[in-house]
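Residues per chain are reported as follows:
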Amino acid sequence: MREVVQFSTGNVGQHALKAIIGRPDLELVGVHAASPNKVGRDAAELCGLSEPTGIVATDDIDALIALGPDCVVYTAQAETRPVEAIEQLTRMLAAGIDVVGSSMVWLVPPGQADEWLRGPLEKACREGNSSLYVNGIDPGYSGDTEVYSALSLVTRAESIIVQEIFDYANYDDFEFTGKSMGFGLTADEEKPMLFLPGVLTTMWGGPVRNIAERLGIELDEVRQRIEPWYADKTIECTMCTVEPGGMAAVRFAVEGVRDGEPVISMEHITRLTADAATDWEYPPDGKPGVHRVVVEGDPRVELNTHVSDPVLDVTAAGCVSTAARAVNAIDFVCRAPAGLIALEDIPPTEMIRGLMW
Ligand SMILES: NC(=O)c1ccc[n+]([C@@H]2O[C@H](COP(=O)([O-])OP(=O)(O)OC[C@H]3O[C@@H](n4cnc5c(N)ncnc54)[C@H](OP(=O)(O)O)[C@@H]3O)[C@@H](O)[C@H]2O)c1
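All of these numbers come straight from a predicted model, not from anything done at the bench. (Residues numbered from 1 in each chain as written. Predicted model: local features only at pLDDT ≥ 70, side-chain atom pairs only at ≥ 80, totals over all residues. Heavy atoms only, no water.)

(A) Highlighting the overall build of the protein. The helix and strand inventory of the protein stands at 10 helices and 15 strands. Oriented by its inertia axes, the alpha-carbon framework of the protein measures out at about 55 × 50 × 40 Å. Residue burial in the protein is summarised as follows: out of 357 residues, 54% are buried. Across the protein, contacts joining residues at least 24 apart in sequence account for 70% of those joining residues at least 6 apart. With the model as given, the accessible surface of the protein reaches about 15600 Å², and the carbon-plus-sulfur share is 51%. Distance between charge centres in the protein, computed from 27 positive and 55 negative side chains, equals 3 Å. (Helix = DSSP H or I, 4+ residues; strand = E, 2+ residues; numbered from the N terminus. Buried < 20%, exposed > 50% of the residue type's maximum accessible area, 1.4 Å probe, protein only. Contact = heavy atoms within 4.5 Å. Areas by Shrake-Rupley, 256 points an atom, 1.4 Å probe, with all protein chains shown as cover. Lys, Arg positive; Asp, Glu negative; His and termini not counted. Charge placed at Lys NZ, Arg CZ, Asp CG, Glu CD.)

(B) Summary view of unusual backbone geometry. With omega at 5°, the peptide bond leading from D138 into P139 counts as cis. When you line up the elements, P139 lands in the loop between β6 (131-134) and α6 (145-151). P299 follows D298 through a cis peptide bond whose omega is -5°. Although it is not a glycine, S8 adopts a positive phi angle of roughly 95°. When its relative accessible area of 12% is taken as the criterion, S8 is described as buried. Of note in this structure, N129 is not a glycine but carries a positive phi near 50°. Residue classification places N129 among the exposed positions, given a relative accessible area of 60%.

(C) Up close: the site of the ligand. The local shell around the ligand holds 28 residues, among which A34, S35, K38, E79 and D138 are the closest. Between the ligand and V12, the relevant distance is 2.8 Å, taken from an oxygen atom to a main-chain nitrogen or oxygen of the residue. Between the ligand and A34 there is a distance of 2.7 Å, counted from an oxygen atom to a backbone nitrogen or oxygen. Contact with the protein chains removes 84% of the 920 Å² of surface that the ligand exposes when unbound. Looking at side-chain class alone, the shell around the ligand contains 9 nonpolar, 13 polar and 6 charged residues. (Near = heavy atom within 4 Å. Polar contact = N/O pair within 3.5 Å; in protein donor to acceptor, adjacent residues only side chain to side chain. Nonpolar A, V, L, I, M, F, W, Y, C, P; charged D, E, K, R; others polar.)

(D) Inspection of helix α1 (residues 13-22) at higher detail. Within α1, burial applies to G13, H15, A16, L17 and I20. Those residues of α1 that are buried are in contact with β1 (2-7), β2 (26-32), α2 (43-46), β4 (71-74) and α9 (314-327).

(E) Region of the structure containing helix α4 (residues 82-94). Its 13 residues place the ends of α4 18 Å apart at the C-alpha level, agreeing with the 18 Å of an ideal helix rising 1.5 Å per residue. A85, I86, Q88, L89, T90, M92 and L93 are the residues of α4 that are buried. Residues of α4 that are buried in the fold lie against β1, α3 (61-66), β4, β5 (98-101), α5 (115-128) and β6. Backbone geometry just after α4 places G96 at a positive phi near 90°. (Expected span 1.5 Å × (residues − 1).)

(F) Inspection of the sheet that holds strand β11 (residues 247-258) at higher detail. The 6 strands are arranged β8-β11-β12-β7-β13-β14 in an open sheet whose pairing can be described as mixed. Every other strand in the sheet has two partners, leaving β8 (221-230) and β14 (301-305) as the edge strands with one partner each. With direction set aside, neighbouring strand axes in the sheet form an average angle of 10°. In this sheet, strand β12 (residues 261-271) lies alongside β11 in antiparallel orientation, the contact comprising 10 bridges. Within the sheet, the bridge partner assigned to F252 lies in β12 and is H268. (Pairing = 2+ DSSP bridges. Axes fitted to C-alpha atoms, helices over the stretch in contact; angles between N-to-C directions.)

(G) Representation of the side chain of D138. Inspection of the secondary structure puts D138 in the loop between β6 and α6. Of the side chains with opposite charge, R325 lies nearest to the buried D138, which makes no salt bridge, at 11 Å. Here the side chain of D138 touches W204 through a polar contact of 3.0 Å, side chain to side chain. Polar contacts involving the side chain of D138 include one to the side chain of H268, which spans 3.1 Å. The residues touching D138, leaving out its near neighbours within four places in the chain, are E164, W204, H268 and H291. (Salt bridge = Lys/Arg side-chain N within 4 Å of Asp/Glu carboxyl O.)

(H) The arrangement of a negative patch on the surface in detail. Taken together, the side chains of E218, D220, E221, D259 and E261 present a region of like negative charge at the surface. Among the residues examined, D220 registers a relative accessible area of 53% and is labelled exposed. (Patch = residues over 30% accessible without salt bridge, like charges linked within 9 Å, V, L, I, M, F, W, Y side chains within 5 Å.)

(I) Up close: the domain arrangement of the protein. For the protein, the domain assignment lists domain 1 (2-137 + 319-351) and domain 2 (141-306). Put simply, the middle of domain 1 and the middle of domain 2, counted by C-alpha atoms, are 26 Å apart. Here domain 1 and domain 2 share an interface that buries about 1500 Å² over both sides, 53% of which is from carbon and sulfur atoms. Among the residues of domain 1 in contact with domain 2, Q112, I137 and E344 are the three that bury the most area, contributing 38% of the side total. (Domains from an automatic or database assignment. Buried area = accessible area lost by both parts, 1.4 Å probe.)

(J) Quick look at a nonpolar patch on the surface. Taken together, the side chains of V311, L312 and V320 define a hydrophobic patch exposed on the protein surface, amounting to about 250 Å² of accessible area. Structurally, the position occupied by V320 is in helix α9. Residue classification places V320 among the partly exposed positions, given a relative accessible area of 33%.

In structure tokens form, the structure reads like this:
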């Protein structure tokens, strides 16, 4: 039985919390809440369960560390406040607590992350003899597990395309996703973060370089392309309202190039409504989203992954899967040697233990 603290209950965290409460091999011992209206509330209430757990949310990180949990599941928004998030993570790691999570997407994969991020985290892991593992559905599954599954079916690969094609209409994250992608902005307004040179290659270049390294090939360059689509009518969605002339879809990719050709591409087609950018590709069979890998080779392989739920919308189902990528690794990460753990360090069957009860 692993004693676990859930850190934050946002889009991803609420599903991690629900999973921890439900699993017989994990025991919830604490919950962190940053929002004042969540502090003092029972964990069950914060993830939509009816039976109280007796564990109430706190914003006191020292009190959570003092509980001495085996592991913290860290799903707080981190990319908008990296300095504070590194400080929180290093405190827990240096105290000897293992951490799994979805935050700090630059750590997927950790070997490609910049020194400003790796350095302090590795130092804290050494101090506390602890380990940190970060993964999700994208970045994460689509650029590692799904790619490796497709490649395992070919004798020779010519190119790899990884795609996320999603309708984000119901994704409740304007603060980071909405603003950084520039949804709602007109062509004349200041360019959002995602459009700035080097931002895409920082976010998704890591998985591209990681695949190249695992394949044992040299890339000549890793480049980015990005294309906005502007609405011709008002679009209402959870994230924001897009007025006519505002951006309502975006297509972008990071490409690993060899001999002038993109051989490893990670592409996103993100719409706020199915009516946006109708010339661009859609998920197959009328589905609202897909994580797809296409390997051109001997033979050609195409894997289309669809997550769904009878109640939740497709982006929320993706958040459940992102939570799963972290929670399912808890037991392994608690046994792993100190340091930053990559997906490739974890035998696949280690992450299915405890799922069926
Ligand atoms: N790789 C993937 O596939 C994938 C997919 C989705 C998300 N992510 C990553 O996972 C993380 C969580 O995403 P999300 O959509 O769940 O985010 P979110 O709902 O926007 O925010 C998560 C939580 O961050 C907490 N928070 C905000 N400011 C904080 C602060 N100053 N100190 C401590 N906590 C703070 C809030 O906690 P309270 O609720 O306690 O107030 C909030 O609920 C992000 O870093 C995101 O990039 C990765």
